[in-house]
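Structure at a glance
Listed here are the chains, written in short residue letters.
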Amino acid sequence: MATRSKAKYQQFAIFIAYYSFCPCLILLKSGLVYLPQSTLMIELAPSILSADFARLAEEVQAALAGGATLLHVDVMDGHFVPNITIGPPVVQSLRKVTGVPFDVHLMIENPDEYIPAFADAGADWISVHQEACIHLHRTLEHIISRGLKAGVVINPATPVDTLSEVLEMVDHVLVMSVNPGFGGQKFIPASLRKVRALAEMRNDRNLGFRIEIDGGITTETIADSVRAGVEILVAGSAVFGKGEARVNVEQLLKTAREAVLLKV
Ligand code: DX5
Ligand code: ZN
């Protein structure tokens, strides 16, 4: 008899646990419950570099349908990096397709000369390489003066300390986790040390810049990146390389958000 009532009690406990858990899951999935701020701050920026340029608008819309909230536009000049990509006209055309912020990553020499053209074309964020700017402070001021969000980028060989004097003025710091120039390269794990160092500097100095990572982001590397402190994840080949862009974005964001939830 005692065993029977114990079993009944256990059944009752399982019933209560199950029916309290299910609504939580439903609410979580529907986005109606509070999630930690850090989870909400995670954003995926598909890099159009790996998209099919003949179907660019379609590719972009598919990635946005998967939950991407901004678009990463890689601009290369064949001098600063050994590749050539696109310029302001493509940004202008894409502007007709979507209203999401355009995160324009300039991998070019003399970026000051091209900031006005990208601003006019519809860029919202412009980031410049520390290595390409002799007068980095002036270049960042130039971007800000156009009413855009200014970002600074560092190559894998550039230490975070080189940014010390501009961290107050930037909206985001972009850590390259591959050497810039091409999509589909292998993630450099040592980049995460730099992400952690930046997060620490931000904390120590009570600053507000966001940390972005670019290069080799896949479902294998995304979790470690967010655990290190990355909030904006650029992904090119993992979004447009194979399969469906919408599904790929969903999967990447899911992996990233789960990693944040496990972190808190
Ligand atoms: C590389 C570019 C990246 C590139 C990333 O120089 O800055 O944005 O598109 O591509 P994946 O995600 O394939 O490494
Ligand atoms: Zn990029």
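Each chain has its residues counted from 1, following the order in which its sequence is written. The lettering of chains begins at A and the numbering of ligands begins at 1, in the order of writing. Totals for whole chains, interfaces and linings use every residue, but because this is a predicted model, local features are given only for residues with pLDDT of at least 70 and side-chain atom pairs only at 80 or more, for both listing and counting. Side-chain descriptors were evaluated using all non-hydrogen atoms of the structure, hydrogens and water having been removed beforehand.

1. Things to note about the site of ligand 1
Among the 20 residues in the neighbourhood of ligand 1, the closest are listed as S47, D74, D214, G236 and S237. Under the rule applied, a polar contact is a pair of N or O atoms within 3.5 Å (in protein, one hydrogen donor and one hydrogen acceptor; residues adjacent in sequence only if both atoms are side-chain atoms). Within the contact set of ligand 1, an oxygen atom lies 2.8 Å away from a backbone nitrogen or oxygen of G216. One of the side-chain N or O atoms of S237 is found 2.5 Å from an oxygen atom in ligand 1. To be clear on the numbers: accessible area is Shrake-Rupley with a 1.4 Å probe, and residue cover counts the displayed protein chains and nothing else. In the complex, the protein chains occlude 100% of the 380 Å² of accessible area that ligand 1 would expose alone. We call a residue near a molecule or strand when any one of its heavy atoms sits within 4 Å of it.

2. Considering the environment of F53
When you line up the elements, F53 lands in the loop between β1 (43–46) and α3 (56–65). Not counting residues up to four positions away in its chain, the partners in contact with F53 are I48 and I86. Under the scheme used here, helices are H or I runs from DSSP no shorter than 4 residues and strands are E runs no shorter than 2 residues, and both carry numbers assigned from the N terminus. Contact criterion: two residues are considered in contact whenever any of their non-hydrogen atoms come within 4.5 Å of each other.

3. Some points on the coordination of the zinc ion (ligand 2)
Each metal's donors are the N, O and S atoms found within 2.8 Å of it, except that Na, K and Ca use a 3.2 Å limit; water is left out, so coordination can look incomplete. For the zinc ion (ligand 2), the full set of protein donor atoms is H72 (NE2), D74 (OD), H105 (ND1) and D214 (OD), and the range of their distances to it is 2.0 to 2.3 Å. Taken together, the 6 donor atoms surrounding the zinc ion (ligand 2) define angles of 69 to 169 degrees at the centre, an arrangement classified as octahedral. Counting residues between consecutive donors of the zinc ion (ligand 2) along the chain gives the motif H-x1-D-x30-H-x108-D. Within this pair, whereas H105 is found in strand β3 (residues 102–107), its partner D214 is found in strand β7 (residues 210–214), the two being separated by 109 residues in sequence. Think of it this way: with four donors and all angles in the 85 to 135 degree range, the site is tetrahedral; with four or six donors, opposite ones beyond 155 degrees and the rest between 65 and 115, it is square planar or octahedral; otherwise it is irregular.

4. What to know about the pattern of salt bridges
Throughout this description, the term salt bridge denotes a Lys or Arg side-chain nitrogen within 4 Å of a carboxyl oxygen of Asp or Glu. Taken as a whole, this structure holds 12 salt bridges when the rule is applied. Salt-bridge contacts for R227 lead to D224; the nearest nitrogen and oxygen are separated by 2.9 Å. Taken together, the residues span about one helical turn, with R227 and D224 both in helix α8 (residues 222–228) at a distance of 3 residues. Burial classification: accessible surface area is computed with a 1.4 Å probe over protein chains only, and a residue below 20% of its type maximum counts as buried, one above 50% as exposed, and the rest as partly exposed. A residue is classified by how much of its surface remains accessible, and R227, at 41% relative accessible area, is partly exposed. D224 gets classed as partly exposed once you look at its relative accessible area, which sits at 40%.

5. Overview of unusual backbone geometry
Notably, N110 is not glycine yet its phi reads approximately 50 degrees, a positive angle. Relative to the helices and strands, N110 resides in the loop between β3 and α5 (115–121). Backbone geometry places N206, a non-glycine residue, at a positive phi of 55 degrees.

6. Overview of the sheet that holds strand β4 (residues 125–129)
Any two strands with at least two DSSP-identified bridges between them are counted as paired. If you walk across this open sheet you meet the 8 strands as β1-β8-β7-β6-β5-β4-β3-β2, and the pairing is parallel. Two strands in the sheet have a free side with no partner beyond their single neighbour: β1 and β2 (71–76). Direction aside, the axes of adjacent strands within the sheet are offset by 25 degrees on average. Summarising the sheet, β1 and strand β8 (residues 232–235) pair through 4 bridges and their orientation is parallel. Looking across to β8, one finds that A45 is bridged to V234. Sheet strands in contact with helix α7 (residues 191–204) are β5 (149–154), β6 (172–176) and β7, and its direction is about 170 degrees off that of β7. Working convention: axes come from line fits to C-alpha atoms, limited for helices to the stretch in contact. Angles between N-to-C directions cover 0 to 180 degrees.

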